[in-house]
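Topology and contacts: notes
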Amino acid sequence: MASNACPPPMKATSNGVFQGDDPLHFALPLAILQICIVVALTRGLAYLLRPLRQPRVVAEIIGGVLLGPSAMGRNKSYLQAIFPPKSITVLDTLANLGLLFFLFLAGLEIDPKALRQTGKKAFAIAMVGISFPFALGIGSSFVLRATISKGVDFTAFLVFMGVALSITAFPVLARILAELKLLTTEIGRLAMSAAAVNDVAAWVLLALAIALSGNNQSPLVSLWVLLSGFMFVICAILIVPPIFKWMAQRCHDGEPIDEIYVCATLTAVLAAGFITDTIGIHAMFGAFVIGVLVPKEGLFAGSLVEKVEDLVSGLFLPLYFVSSGLKTNVATIQGVQSWGLLVLVIFTACFGKICGTVVVSILCKVPVREALALGFLMNTKGLVELIVLNIGKDRKVLNDQTFAIMVLMALFTTFITTPLVTAVYKPAKRARMADYKYKTIERKNPNSQLRILSCFHSARNIPSIINLLEASRGTEKREGLCVYAMHLKELSERSSAILMVHKARRNGLPFWNKGLRSNSDNVVVAFEAYQQLSRVSIRPMTEISSVSDMHEDICATAESKRAAIIILPFHKHQRLDGMLETTRNDFRGVNKRVLEHAPCSVGILVDRGLGGATHIAASNVSYFITVLYFGGHDDREALAYGARMAEHPGIRLAVIRFSVEPEIVGEISTVNIDHNSGSKVGSVDEEFLAEFKHRFAQDDSITYEEKVVRNEAQTIGVICEIGRCHLFLVGRSPGGEVPLALDRRSECPELGPVGSLLISPDFHTQASVLVVQQYNGQVPLNLTSDIEESSPDKDTDSV
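What counts and what doesn't
- Throughout this description, residue numbers start from 1 for each chain and increase along the sequence as written.
- Note on the predicted model: pLDDT of at least 70 is required for a residue's local features to be given, and 80 or more for side-chain atom pairs to be given and counted; whole-chain, interface and lining totals, by contrast, use all residues.
- Each side-chain value is worked out from all heavy atoms of the structure, with water and hydrogens disregarded.
- Working definition: helices are DSSP H or I runs of at least four residues, strands are E runs of at least two. Numbering for both runs from the N terminus.
- Two residues qualify as a contact provided that any one of their heavy atoms is within 4.5 Å of a heavy atom in the partner residue.
- Values of accessible area rely on a 1.4 Å probe in the Shrake-Rupley scheme; residue burial ignores everything except the protein chains shown.
- Each salt bridge in this description consists of a side-chain nitrogen of Lys or Arg and a carboxyl oxygen of Asp or Glu lying within 4 Å of one another.
- Relative accessibility under 20% of the residue-type maximum defines a buried residue, over 50% an exposed one, and the middle range a partly exposed one, all with a 1.4 Å probe and only protein chains included.
- Paired strands, as defined in this entry, are two strands with at least two bridges between them according to DSSP.
- An axis is simply a line fitted to the C-alpha atoms; with a helix, the fit covers only the stretch in contact. Between two such axes, the angle follows the N-to-C directions and lies from 0 to 180 degrees.
- Each angle receives one of four descriptions, namely roughly parallel if under 35 degrees, roughly antiparallel if over 145, roughly perpendicular if within 65 to 115, and oblique otherwise.
- Handedness of a crossing is defined here by the sense of rotation of the near helix relative to the far one, left-handed for an anticlockwise turn of less than a right angle and right-handed for a clockwise turn.
- When residue character is reported, Ala, Val, Leu, Ile, Met, Phe, Trp, Tyr, Cys and Pro are called nonpolar, Asp, Glu, Lys and Arg charged, and the others, Gly included, polar.
- His is not counted here, nor are the chain ends, while Lys and Arg score as positive and Asp and Glu score as negative.
- The term polar contact refers here to a pair of N or O atoms within 3.5 Å; inside protein, the definition further demands a hydrogen-donor-capable atom paired with an acceptor-capable atom, and it admits residues adjacent in sequence only when both atoms are side-chain atoms.
- Take the residue count of a helix, subtract one, and multiply by 1.5 Å to get its expected span.
- Buried and open spaces are told apart on a 1 Å grid over the protein atoms alone, a cavity being a set of points where a 1.4 Å probe fits but cannot get out and a pocket being an open set with protein on both sides within 12 Å along at least five of seven lines. Residues with an atom within 4 Å of a point are the lining residues.
- Grid points are joined across faces, edges and corners, and a volume is the space filled by probe spheres set on the points.
- Without a salt bridge and with relative accessible area above 30%, a residue can belong to a patch; like charges are then joined within 9 Å and nonpolar side chains (Val, Leu, Ile, Met, Phe, Trp, Tyr) within 5 Å.
- As used here, the term nonpolar core means buried Ala, Val, Leu, Ile, Met, Phe, Trp, Tyr and Cys residues forming a set that is joined through side-chain atoms within 4.5 Å.
- Each residue gets a pLDDT score, which is the predictor's confidence in that residue and runs from 0 to 100.

**Brief notes about the overall build of the protein chain**
Scanning the protein chain from terminus to terminus reveals 28 helices and 12 strands. Nonlocal contacts in the protein chain, meaning residues at least 24 apart in sequence, comprise 81% of its contacts between residues at least 6 apart. In the form shown here, the protein chain has an accessible surface area of approximately 34000 Å², with 58% of it arising from carbon and sulfur atoms.

Written out as C-alpha cells, the structure is:
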C-alpha cells in the first residue's frame with residue numbers, strides 16, 4: 001500500500017533483461033503486468049460466479065480484495081514485486097482515467113427525458129429509499145465514530161456514511177433485472193425508474209460530501225465549492241446539448257461517425273473532468289454530467305458507447321477495483337467489537353433500504369411479495385458505492401477498519417440480491433394463451449394469413465431470409481403474410497447491452513421496435529425497404545437475453561404473435577470455399593431448445609446464399625425448389641410450405657416421393673416399427689398427396705415424381721442426381737424405413753437424417769436447406785437426451 005512518504009519516481013520503460021534491467025522496476029511493463037493479472041483474475045471469478053447469476057461487479061470487487069493485503073498481499077515479497085508503493089501513483093492514475101470514461105458511459109445510460117416522466121409511485125419509492133437509509137447511516141455513524149473512527153471530521157463522516165448506505169447501483173440493477181427477466185414486469189419498471197432518480201440524488205449528495213471533506217475547515221470554502229459545482233452544471237446544460245445535437249445531426253445512417261466528433265467528445269469529457277477537479281468535486285463528476293447531456297436519440301450515443309466501452313470496461317476499470325482492494329485489509333476487522341460493527345452496518349444498510357422501500361411500496365398499493373422483491377433490488381450496491389468509499393478513504397474521512405467494513409457491506413448486499421429476489425418473487429407462470437388456430441403451415445384453409453417468426457443473429461443472414469420470405473408470399477387471393485423479424489442479441493455486461501435493455505424496457509422485453517431508432521439500425525432499414533417493395537407486413541424486433549434462455553423468449557414471442565412457424569438460422573455459415581463453418585456452437589443449443597419447446601412449427605435454414613448476397617425483386621425471382629418426401633407429419637409440413645412457395649410466379653417446385661420396394665420392406669433397417677401406426681401414417685400421407693396432386697394438377701410450375709428405392713445407397717444416389725436447385729425443403733423426422741437407415745449417419749440431430757445428408761461434405765450442392773418440424777403438441781424425438789431442462793416460464797410482454 002502507498003505510504004505517506006513520496007517514493008522515488010519510476011522510469012517509464014526498461015532496456016530489457018539482457019541489459020540487466022528488471023522490467024518490474026519500470027512503470028510501463030509493471031502496469032502491463034498488473035492489468036493482465038487483474039483482468040485474468042476478475043474474468044476467471046466472473047466465470048465461476050456465472051452459475052450463481054451474479055453481476056460481474058461482484059467478481060471484480062472480490063478480485064480486488066484478493067489481490068490486496070487481505071489475501072495475496074499478506075505475502076510481502078509479492079506485494080513489493082507486483083504492487084510496490086512507487087507504482088501506486090501510476091496505477092491510481094490509470095484507474096481514475098478508466099473511472100472517468102466509465103462514468104461518462106454511466107451518464108449515457110441516464111435519460112433526462114425519462115427522469116422527467118418518472119411516475120409519482122417510482123419517485124416516492126426513490127425518495128424514501130434514499131432518505132430513510134441516509135438517516136440510518138447518520139445514526140450508525142455515531143456508533144462508528146465513538147468506537148473505531150475517532151478523530152475524523154464529524155460532518156463529512158456523517159454525510160459519507162449516509163450516502164454510502166443509501167446508494168442504489170443503477171447499472172448493476174439493470175443487469176440483474178435483465179438476467180432475471182423482470183425488466184418489463186411492474187416491479188422492474190418501478191425499480192429502474194426509482195434507481196435512476198436515486199442515482200442522480202446520490203451524485204448530488206456525494207458532491208455535498210466531497211465539498212464538506214476538504215482540508216480547509218472554513219465553511220465558506222465548502223460553500224464556494226458547491227456554488228461553483230452548481231454553476232458548472234448550469235453552464236454545461238446551456239452550452240453542451242446544442243453542440244452535441246449539431247454533431248448528432250451530421251451522423252448519417254449507414255455511415256461511420258466522423259472521427260473528429262468522437263475525438264471532440266472524448267476531449268470534452270477530459271476537459272469537464274479537469275474543471276470539476278479544479279473546483280474540488282472530483283474529475284468524475286464532469287465526465288458524468290457530459291454523459292447525461294449527450295442526446296440519446298439517433299446514432300451518436302450508441303456509437304460513442306461502442307467505441308469507448310471495451311477498452312475502458314475491459315482493461316482500465318478493473319484497475320480501480322484493485323486500487324480499492326489494495327486499500328482494503330480485512331485483517332483490520334479484529335475482535336468481537338469490529339465484527340459486531342460489521343453486522344451492524346450490514347443490518348442498517350439492508351434494513352434501511354429494504355424496509356423503507358417496502359413500506360412506501362405497500363402504501364402505494366404494491367402487493368407485499370412484489371414490495372419485498374423491490375426492496376431487495378433497491379439494496380443493490382456496486383461501483384458507485386466503491387467510488388464513495390474510495391473518495392472517503394483518500395480524504396481521510398474513513399480509516400482502514402471502517403473502509404474494510406464498508407467494502408464487505410457493499411459486497412454482501414450486492415451478492416444476496418439475486419438469490420433473495422429469486423426466492424421471494426416468482427412471477428406467476430405466464431398463463432398460456434387460448435390455443436390459437438393455426439400453429440402449422442399445413443391447414444384446412446390454405447388462404448388464411450400465414451404468420452412467420454423469422455430469427456437471425458447478424459446482417460449476414462438478412463438477404464437469404466428476405467428472399468425466403470419473398471418466396472413465401474403466396475397469391476393475391478390469400479389473406480397475406482405477416483412476418484416478425486427478430487434480431488437475436490446476447491445480453492452482456494457491456495454498457496451497450498444495457499442501453500439496448502433500456503430501449504427494450506420502453507417497449508416490452510425482449511424487444512425494442514423500429515420506431516425507437518430505426519435510422520440507426522441497418523437491420524431494420526433492410527426489412528422496412530422490403531416491406532415497401534412488397535405487400536408483406538414486417539415487424540422488426542430485437543430479442544436481448546443470455547444464450548442459455550434465449551429459446552424462452554423466442555417461444556414466448558411465437559405464442560404471443562400466434563406464429564405458424566419459427567425460422568431459425570443454422571449454427572454454421574458457408575465459407576468462401578463452400579464448406580460450412582461453425583459460427584457459435586451455443587447457437588446450436590438455442591435451436592435444439594426451440595425445437596423442443598416451440599408452440600408451433602419450426603424451420604432451421606442452412607443458408608448457402610439463397611438468391612445471392614442481396615434481396616431479389618419479386619419480378620426477378622427465379623428459384624427451383626425441391627421437396628424430398630418420405631412421409632410423416634414433418635414431410636407433410638415441408639410439402640405444404642413448398643406448395644405455398646410454388647404459387648409465386650418465379651418459383652418452380654419439384655416433389656420427389658421416396659418409397660421402398662414392397663418385397664424388401666423390413667430389410668433396410670433393423671429398427672422396430674409399430675406396423676399399425678405405420679399403416680395409419682401411410683394412409684394419412686396417401687390422402688395428403690392425393691389432395692395435393694388434385695389441387696395442383698393443372699399447375700405447370702410443379703412436377704411430381706415417385707422414386708422406388710431398395711436401400712439407403714439408392715436413396716442417396718437419387719438425391720445426388722438432382723440437378724439445378726436453389727432450396728431443399730425436407731422434414732426433420734421423415735417417416736419410413738429409409739430415413740431410419742440414413743439416421744445412423746446423422747451428425748446433426750436437429751436437422752434429422754435427410755437434412756444432415758444434404759449438408760454433409762460428401763454431398764456437393766450449393767442449394768440452401770430448410771429443415772421443417774411440424775408442431776404436433778408433443779416433445780420431439782432425438783432431442784430429449786441432448787437438451788437440459790428448461791428454465792421456468794417468465795413474464796413476457798409483447799410489442
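**A short note on the pattern of salt bridges**
A complete count under the given rule lists nine salt bridges for this structure. Here Arg56 makes a salt bridge to Glu60, at a shortest N to O gap of 3.5 Å. Note that Arg56 and Glu60 are positioned in helix α2 (residues 56–67) at a spacing of four residues, about one turn of the helix. Glu60 gets classed as buried once you look at its relative accessible area, which sits at 7%.

**Brief notes about unusual backbone geometry**
Trans peptide bonds make up most of the peptide bonds, and negative phi angles are found at most residues other than glycine. If you check the backbone angles, Arg53 has positive phi at about 60° while not being a glycine. With respect to the secondary-structure elements, Arg53 resides in the loop between α1 (27–49) and α2. In this model, Arg562 sits at a positive phi of 55°, which is unusual for a non-glycine residue.

**Brief notes about the environment of Ile260**
Checked against the element boundaries, Ile260 lands in helix α11 (residues 259–279). A sequence separation of 13 residues divides Ile260 from Met247, and the C-alpha atoms of the two residues are 9.8 Å apart.

**A word on the sheet that holds strand β8 (residues 623–629)**
Judged by pairing direction, the sheet is mixed, and its 10 strands sit side by side in the order β3-β2-β1-β4-β7-β12-β11-β8-β9-β10 without closing on themselves. Each having just a single partner strand, β3 (537–545) and β10 (702–709) make up the two edges of the open sheet. With strand direction ignored, the average angle separating the axes of adjacent strands in the sheet is 20°. Of the pairings in the sheet, the one linking strand β11 (residues 727–731) to strand β12 (residues 768–773) comprises five bridges and is parallel in character. When the sheet's bridge partners are listed, Leu729 is paired in β12 with Leu770.

**Details of the packing of helix α10 (residues 219–249) against helix α12 (residues 283–293)**
At a minimum axis separation of 9 Å, α10 and α12 run at an interaxial angle of 45°. Here α12 runs oblique to α10, going by the angle between their axes. Here α10 runs over α12; the crossing is right-handed. Residue-level contacts link Phe232, Val233, Ala236, Ile237, Val240, Pro241 and Phe244 of α10 to Gly286, Val289, Ile290 and Leu293 of α12. Considered class by class, the residues forming the contact of α10 with α12 number 10 nonpolar, one polar and no charged.

**Describing the side chain of Asp21**
Looking at the secondary structure, you find Asp21 in the segment before α1. The buried charged residue Asp21 lacks any salt bridge, with Lys11 as its nearest oppositely charged partner at 7.4 Å. A polar side-chain atom of Asp21 sits 2.9 Å from the main-chain amide nitrogen of Asn15. Each residue touching Asp21, except ones within four places of it in the same chain, is listed here: Ser14, Asn15, Gly16 and Phe26.

**So, helix α16 (residues 383–394)**
Along an α-helix, a turn takes 3.6 residues, which lines up residues three or four apart on a common side. Between its first and last C-alpha, α16 extends 16 Å over 12 residues, near the 16 Å set by a 1.5 Å rise per residue. When you tally the buried positions in α16, you get 11 out of 12 residues, the bulk of the element. Those residues of α16 that sit buried are Leu383, Val384, Glu385, Leu386, Ile387, Val388, Leu389, Asn390, Ile391, Gly392 and Lys393. Positive backbone phi, at 60°, marks Lys396, one or two positions downstream of α16.

**What about the environment of Arg584?**
With respect to the helices and strands, the residue Arg584 is situated in the loop between β6 (580–582) and α23 (585–597). C-alpha separation for the pair Arg584 and Lys572, spaced 12 residues apart in sequence, amounts to 7.5 Å. Each residue touching Arg584, except ones within four places of it in the same chain, is listed here: Glu490, Val547 and His571.

**Comments concerning the pairing of strand β1 (residues 450–456)**
Side-chain positions along a regular strand alternate between the two faces of the sheet. The element β1 is extensively covered by neighbouring structure, given that six of its seven residues are classed as buried. Across seven bridges, the pairing between β1 and strand β2 (residues 481–490) is parallel. Note that in β2 the partner of Leu450 across the bridge is Leu481. Inspection of the sheet shows β1 paired to strand β4 (residues 565–569) by three bridges, in the parallel sense. Within β4, the residue paired with Leu453 across the bridge is Ile566.

**Observations regarding empty space enclosed by the protein**
Going through the model one piece at a time under the given rule, you end up with three cavities of 30 Å³ or more. Taken as a whole, the second largest cavity holds about 50 Å³ of empty space. Forming the walls of the second largest cavity are Cys455, Asn461, Ile465, Ile567, Leu568, Pro569, Leu605 and Asp607. Of all the elements, β4 adds the most residues to the lining of the second largest cavity, at three residues. The residue makeup of the lining of the second largest cavity, split by class, is six nonpolar, one polar and one charged.

**Brief notes about a nonpolar patch on the surface**
Side chains of Phe230, Met231, Ile234, Leu238, Ile239 and Ile243 sit close together on the surface and give an oily, nonpolar patch of about 610 Å² of accessible area. Secondary-structure assignment places Ile234 in helix α10.

**Observations concerning the nonpolar core**
One finds Leu206, Phe300 and Ile387 to be the most contacted residues of the largest nonpolar core, which totals 143 residues. The element contributing the most residues to this core is helix α9 (residues 186–212), with 15 residues. When sequence neighbours within four positions are dropped, the list of residues in contact with Phe300 reads Phe244, Met247, Ala248, Cys251, Ile257, Tyr261, Thr265 and Val294.

**Regarding the confidence of the model for the protein chain**
Looking at the protein chain as a whole, its pLDDT mean stands at 80, while 84% of the residues score no less than 70. Across residues 429–434 the pLDDT falls below 50, and counting only partners more than four positions away or on other chains, this stretch makes 12 contacts in the model. Note that residues 779–799 has pLDDT below 50 and, in this model, 58 contacts with residues that lie over four places away or in other chains.

**What about α9?**
Taking 1.5 Å per residue as the helical rise, α9 with its 27 residues ought to reach 39 Å, and the 39 Å between its terminal C-alpha atoms agrees with that figure. Most of α9 is tucked away: 19 of the 27 residues are buried.

**Describing the pairing of β4**
In terms of burial, β4 is largely enclosed, as five of its five residues are buried. Of the two faces of β4, the one lined by Ile565, Ile567 and Pro569 and the one lined by Ile566 and Leu568 are each fully buried. Pairing of β4 with strand β7 (residues 601–606), which is carried by five bridges, proceeds in the parallel orientation. The partner of Leu568 across the bridge, within β7, is Ile604.

**Brief notes about the packing of helix α14 (residues 335–363) against helix α15 (residues 368–378)**
Packed helix pairs are characterised by how far apart their axes lie and by the angle those axes make with each other. The interhelical angle for the contact between α14 and α15, taken along N-to-C directions, is 145°, at an axis separation of 8 Å. Our pair here, α14 against α15, has a crossing hand that is right-handed. In contact with Lys353, Ile354, Thr357, Val358, Ser361 and Ile362 of α14, α15 contributes Val368, Ala371, Leu372, Leu374, Gly375, Phe376 and Met378. Its residues placed into classes, the contact of α14 with α15 shows nine nonpolar, three polar and one charged.

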